[in-house]
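# Structural features, examined
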Amino acid sequence: MRSSVFLLCVVGLSLTQIQFSSADLVKQTCRQTPNYDLCVQTLRSDPRSSHADVAGLAMVMVDMIKAKSIATLHRISELLGTAPHPKTKATLRRCAELYDNAVLKADIPSAMEALKTGNPKFAEQGANDAANEADSCERAFSGASPITSFNRSVSDLSRVASAIIRLLL
Amino acid sequence: MSNGFLLFVGPMFYGGWYHFFYQYNPDAAVWGNIVWGHAVSKDLIEWLHLPLAMVADQWYDTNGVWTGSATLLSDGQVIMLYTGATNESVQVQNLAYPADLSDPLLVDWVKYPGNPVLVPPPGIDDRDFRDPTTAWYWPDGKWRIAIGSKVNKTGISLVYNTEDFKKYELIEGVLHAVPGTGMWECVDLYPVSLKEDNGLDTSFNGPGVKHVLKASLDDDKNDYYAIGTYSLESGNWTPDNSNLDVGIGLRYDYGKFYASKTFYDQNKQRRILWGWIGETDGESADIKKGWASVQSIPRTVVFDKKTGTNILQWPVAEIKSLRKSSKKFDKLEVGPGSVVTLEVEKATQMDITAEFEIDKEALKRIGESDVEYSCGTSGGSAQRGELGPFGLLLLADEGRCEQTPVYFYVAKGTDGQLKTFFCTDESRSSLANDVDKRIFGSTVPVIKGEKLSMRILVDHSIIESFAQGGRTCITSRVYPTKAIYGAAQLYVFNNATSASITASIQTWAMKSAYIRPYSSHQES
């Protein structure tokens, strides 16, 4: 009876140790990005992060950029359906193009392939470009953007991803 | 250029043609899905597209047919070694050769059934093993190749020997290593003659020869070179000056220029350098254009006998075949703070040579500066000094809202010595706000008695500049919105506060070069 309790404790301790090590890599990696909290929160929300190396963490982050970009496109569709002012409509359309053609069809696939095959500088380029496209979209509204939180999210995530990818170079 | 993304590899001269292979993404204007495109030329200027040489159809290159190098053997064989990214994303080296050596166009290629011939050795990461070099012959009767890699943050070059290009032996130690430089891509090692002006075959070694070792640093996307000695006894390469070692010293080019590689052109006995020049605009623009990346004009490489510490790069002589109408502007006096229009035919496609002299009185008067100038941290052409900046304004519109100055800036350093800087200032190159606009350049050694000289090739969105015969080079990508086609102008300027300069300039409008698909009806 006593021995099995002892065993349980030992096993319990080991599990904590393992979790601590991978959480360490997340923390260690995120410390080297411009947004520690966003980085940790994003990585922790994905189960893959607990056993990923730095390249793996970068892939998790790129996947999140993809998800947020898709969400942004949905929001843009919704807004276009509410018959907005012509100027806003044109800008929304322009943003949809940036997110669809540039970010989702080019930047994300290019970054993922580069991370998978070990040519990280192209992933860094993809992530930086995604941030630039999001910023470019936001600027195009000249202060009256209806999708600021979306653009901000993609931009911030992209900059965190870029910083993680830099660690691979 | 065909649509897609390109980055070149494996150049060589064979069967009367210059062959150029390139990493190509046929599906998108960004990196990915890499296969090998192929183009040929008789003169390095007019190109003909051939079918894709190799696609990613084997497990050992399904994730990318990446960079490679050709070795031409004396018995006529052509060996192509290239990096493949396997189905498990391991970087391996593969052997391929032409299907038919009697076809001067080398259209079809065969992959060696025993591939891969090299896999990452112990201690080297699966993803840090790429870009095999052209082979060179060694006194023991075997061939050697180098492959760049890294160990932690130390950039290294591994060396292998082989007799048949199928079986390799890792040579103990490394060719060279430099701490802190990170991954070495596209390593290149080649001899330069200390006395002659011709290039040397890659296997050449002996007295009167030095070896240039070059690496593309993944970390900062720049190509660095160092001149040194490659010992036939030890098999090590040692830099002439360890302060200017690979990755911490000189660069081939101080602008946008990467993944470059040389080859020995046995046709004209030249060593030719080619670089990849990426885009500096946003990828959404590249997607709209349908293409991204260009190749630099090929440059000859020779040892700089005057300084002994540099190589000189110069556009190949064949580029002159594109020259059309010429204009000369002799001994123009350009006073401090002035701009002079140069009436030219086509300011967007030009070859320009210019020589400058600073008035001697101003040179004598100049005081010491307590702050060290640097192109990158300066205010560009708008930052005035006593003896500079002065140079040319390229791709400028009439109101000069858009302009790309390429200039010299002379200053006396804290040590009392005159120093000359050569810079390109992109900060006002375009009104668009989604393009890079950097100021870059470097010092350029000027030998006593030399005039300050520059040569510039302008081609719409690309400017290649060469100072002091190619001692310092800067390649720049700019995307003007107004200074385009007929609206672009050329000026000479002097923004110094006290010195006058005398400029002698010659310009040529340039014809366009043709890049067409090869058709069997064409005469070879």
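None of these values were measured; they are calculated from a predicted model. Position numbers for residues count from 1 along each chain, tracking the sequence in the order it is written. Going through the entries in the order they are written, you letter the chains from A and number the ligands from 1. In keeping with the predicted nature of the model, local features appear solely for residues at pLDDT of at least 70, side-chain atom pairs appear and are counted solely at 80 or more, and the whole-chain, interface and lining totals rest on all residues. Note that the side-chain values use all heavy atoms of the structure and ignore hydrogens as well as water.

### Regarding the pattern of salt bridges
For side chains bearing opposite charge, pairing can occur when the charged atoms are close. What counts is decided by this rule: Here, a salt bridge means any Lys or Arg side-chain nitrogen found within 4 Å of an Asp or Glu carboxyl oxygen. Burial classes: relative accessible area under 20% of the type maximum marks a residue as buried, over 50% as exposed, and values in between as partly exposed (1.4 Å probe, protein chains only).
What the rule picks out here adds up to 34 salt bridges over all chains. Here A:Asp100 makes a salt bridge to A:Lys105, at a shortest N to O gap of 3.3 Å. The exposure class of A:Asp100 is partly exposed, given its relative accessible area of 28%. Where B:Arg438 meets B:Asp436, a salt bridge forms, and the shortest distance between an N and an O atom there is 3.5 Å. With relative accessibility at 45%, the residue B:Arg438 sits in the partly exposed group.

### Brief notes about the UniProt feature "domain: Glycosyl hydrolase family 32 N-terminal" (unreviewed entry) in chain B
Threshold: UniProt positions are given in the numbering used here, feature names are shortened, and annotations may be inferred rather than shown by experiment. Secondary structure elements are taken from DSSP: a helix is a run of H or I of four residues or more, a strand is a run of E of two residues or more, and numbering for both begins at the N terminus.
Under the feature "domain: Glycosyl hydrolase family 32 N-terminal" (unreviewed entry), the UniProt entry names residues 10-315 of chain B. Split by type, residues 10-315 of chain B is 2% helix and 47% strand. Its first and last C-alpha atoms lie 19 Å apart.

### What about the UniProt feature "domain: Glycosyl hydrolase family 32 C-terminal" (unreviewed entry) in chain B?
Summarizing the sequence annotation, UniProt attributes the feature "domain: Glycosyl hydrolase family 32 C-terminal" (unreviewed entry) to residues 318-508 of chain B in the numbering used throughout. End C-alpha to end C-alpha, residues 318-508 of chain B measures 14 Å, and it is 3% helix and 49% strand.

### Let's talk about the nonpolar core
As a reminder of what qualifies: Remark: nonpolar core denotes a set of buried residues (Ala, Val, Leu, Ile, Met, Phe, Trp, Tyr, Cys) joined through side-chain atoms within 4.5 Å. Residues count as neighbours in contact if any of their non-hydrogen atoms are within 4.5 Å of one another.
Grouped together as the largest cluster of nonpolar side chains are 54 residues, with contacts concentrated most on A:Leu43, A:Met61 and A:Tyr99. Counting residues per element, the ones that place at least two in this core are helix H1 (2-30), helix H2 (36-44), helix H3 (54-80), helix H4 (86-117), helix H5 (120-140) and helix H6 (148-166) of chain A together with strand S1 (4-14) and strand S19 (258-265) of chain B. Dropping the residues within four chain positions of it, A:Tyr99 is found in contact with A:Ser69, A:Thr72, A:Leu73, A:Ile76, A:Leu104, A:Ala134, A:Cys137, A:Phe150, A:Asn151 and A:Val154.

### A few points about the domain arrangement of chain B
Residues and elements named next belong to chain B. Threshold: Domain start and stop points were drawn from an automatic or database domain assignment. As used here, buried area is the combined drop in accessible area, with a 1.4 Å probe, of two parts when they are placed together. Whenever two N or O atoms come within 3.5 Å, that pair is a polar contact, provided that in protein one can donate a hydrogen and the other can accept it, and provided that, for residues adjacent in sequence, both atoms are side-chain atoms.
Here chain B is partitioned into domain 1 (4-317) and domain 2 (323-510). The centre of domain 1, based on its C-alpha atoms, is set 32 Å off from the matching centre of domain 2. Contacts between the two partners involve 27 residues from domain 1 and, on the opposite side, 24 residues from domain 2. Carbon and sulfur atoms supply 55% of the area buried between domain 1 and domain 2, which totals about 2,100 Å² over both sides. In terms of surface lost to domain 2, no three residues of domain 1 exceed Tyr254, Thr280 and Trp314, which account for 31% of the buried area on that side. Across the domain 1-domain 2 interface, the total number found is 4 salt bridges. Put simply, Glu279 and Arg477 hold a salt bridge, and the shortest N to O gap is 2.9 Å. Taken together, the links from domain 1 to domain 2 amount to 12 residue pairs in polar contact (both at pLDDT 80 or more). Ranked by residues supplied to the side of domain 1 that touches domain 2, first place goes to strand S24 (residues 311-315) with 5 residues.

### Here we look at the layout of surface pockets
The gaps left among the atoms become clear once a water-sized probe is rolled over them. Residues and elements named next belong to chain B. This is how it is decided: Put plainly, a pocket is an open set of points on a 1 Å grid over the protein atoms alone with protein on both sides within 12 Å along at least five of seven lines, a cavity is a set where a 1.4 Å probe fits but cannot get out, and a lining residue has an atom within 4 Å of a point. Grid points are joined across faces, edges and corners, and a volume is the space filled by probe spheres set on the points. Gly falls in the polar group here, along with every residue not listed as nonpolar (Ala, Val, Leu, Ile, Met, Phe, Trp, Tyr, Cys, Pro) or charged (Asp, Glu, Lys, Arg).
Taken as a whole, the largest pocket holds about 1,100 Å³ of empty space. Contributing to the lining of the largest pocket are 41 residues, with Val294, Asp459, His460, Ile462 and Ile515 lying nearest its centre. Elements that contribute at least two residues to the lining of the largest pocket include exactly strand S2 (17-25), strand S4 (47-54), strand S22 (294-295), strand S27 (349-358), strand S32 (452-459) and strand S33 (462-467). A per-element tally of the lining of the largest pocket places S32 first, with 3 residues. In terms of residue class, the lining of the largest pocket is built from 28 nonpolar, 9 polar and 4 charged. Split by domain, the residues of the lining of the largest pocket number at least three in each of domain 1 (4-317) and domain 2 (323-510).

### Quick word on the environment of B:Val159
Residue and element names in this part refer to chain B. Summarising the element assignment, Val159 is placed in strand S11 (residues 154-162). Along the primary structure Val159 and Lys328 are separated by 169 residues, whereas in three dimensions their C-alpha atoms are 51 Å apart. In this view, Val159 contacts Trp136, Arg144, Ile145, Ala146, Glu169, Leu170, Ile171, Val174 and Leu175; residues no more than four positions away in its chain are not counted.

### Section: the sheet that holds strand S34 (residues 472-477) of chain B
Residue and element names in this part refer to chain B. To keep it simple, the criterion reads: Should DSSP find at least two bridges between two strands, the strands are regarded as paired. All axes here are fitted lines through C-alpha atoms, helices being fitted over the stretch that makes contact, and every angle between N-to-C directions spans 0 to 180 degrees.
The strand order S25-S36-S27-S32-S33-S34 describes an open sheet built from 6 strands, whose pairing is antiparallel. Of all strands in the sheet, those bounded by a partner on one side alone are strand S25 (323-334) and S34. If you compare each strand with its neighbour and ignore which way they point, the axes differ by 15° on average. When S32 meets S33, the two strands line up antiparallel, connected through 6 bridges. Bridge pairing in S33 links Asp459 to Ile462.

### Describing the interface of chain B and chain A
The interface is formed by 28 residues belonging to chain B together with 27 residues belonging to chain A. In this assembly, chain B packs against chain A so that about 2,300 Å² is buried in total across both faces, 45% of it on carbon and sulfur atoms. Of all residues in chain B, B:Trp31, B:Arg127 and B:Glu283 give up the largest surface area on contact with chain A, accounting jointly for 28% of the area buried on that side. Linking chain B with chain A are 3 salt bridges, by the criterion used here. In this structure, the salt-bridge partner of A:Glu124 is B:Lys221, at a minimum N-O distance of 3.7 Å. The interface formed by chain B and chain A includes 12 residue pairs in polar contact (both at pLDDT 80 or more). Breaking the side of chain B that touches chain A down by element, the ones donating at least two residues are S1 and helix H1 (283-289) of chain B. Broken down by element, the side of chain B that touches chain A gets its largest block of residues, 4 residues, from H1(B).

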